[in-house]
Amino acid sequence: MGKVAAKLKVMPQSPDIDLDELQEQLEASLPEGAQINGFERDDVAFGLVALLPTVIVADGAGGTEVVEEAFTEVEGVESVSVENVGRV
């Protein structure tokens, strides 16, 4: 089975969220078999900054859904969306 790299957009609940701490919590919440291959940050508006982790997951049923669900459960996360996906 192959692997895919997905860039996700993680929106914090407010501009006051510590992004370094949020990044650590996201890394800790990863399901087994998934790994993060770097983070970027994107200025959204009014001081709000989104985290853009690139996640490597197996190219199986469900794809990035388990990672999206895990990230959504992290305290301080408002929403998670997939920006793009490609094969590795």
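Residues numbered from 1 in each chain as written. Predicted model: local features only at pLDDT ≥ 70, side-chain atom pairs only at ≥ 80, totals over all residues. Heavy atoms only, no water.

(A) Structural detail: helix α1 (residues 19–28). Among the residues of α1, Leu19, Leu22, Gln23 and Leu26 are the ones counted as buried. The buried residues of α1 occupy one face: seen down the axis, they fall within an arc of 100°. With respect to the buried face of α1, the exposed residues turned more than 90 degrees away are Glu24 and Ala28. Contacts made by the buried residues of α1 are with β1 (3–12), β2 (35–45), β3 (48–58), α2 (65–72) and β4 (77–87). Of the residues that open α1, the one with a side-chain oxygen 3.0 Å from the backbone nitrogen of aspartate 20 is aspartate 18. (Buried < 20%, exposed > 50% of the residue type's maximum accessible area, 1.4 Å probe, protein only. Helix = DSSP H or I, 4+ residues; strand = E, 2+ residues; numbered from the N terminus. Arc of directions from axis to C-beta. Contact = heavy atoms within 4.5 Å. Polar contact = N/O pair within 3.5 Å; in protein donor to acceptor, adjacent residues only side chain to side chain.)

(B) Seen up close, the nonpolar core. Of all hydrophobic cores here, the largest spans 19 residues; its most connected members are Leu26, Val55, Val67 and Phe71. Where this core is concerned, the elements lending two or more residues are β1, α1, β3, α2 and β4. Setting aside anything within four residues of it in sequence, one finds valine 55 in contact with Val4, Ala5, Ala6, Leu8, Leu30, Ala34, Gln35, Ile36, Val67 and Phe71. (Core = buried A, V, L, I, M, F, W, Y, C linked by side-chain atoms within 4.5 Å.)

(C) Fine view of the environment of glutamate 27. Turning to its location among the elements, glutamate 27 is positioned in helix α1. Looking at glutamate 27, the relative accessible area reads 39%, which means it is partly exposed. C-alpha separation for the pair glutamate 27 and proline 53, spaced 26 residues apart in sequence, amounts to 9.4 Å. Residue contacts for glutamate 27: discarding those within four places in its chain leaves Ile36 and Phe39.

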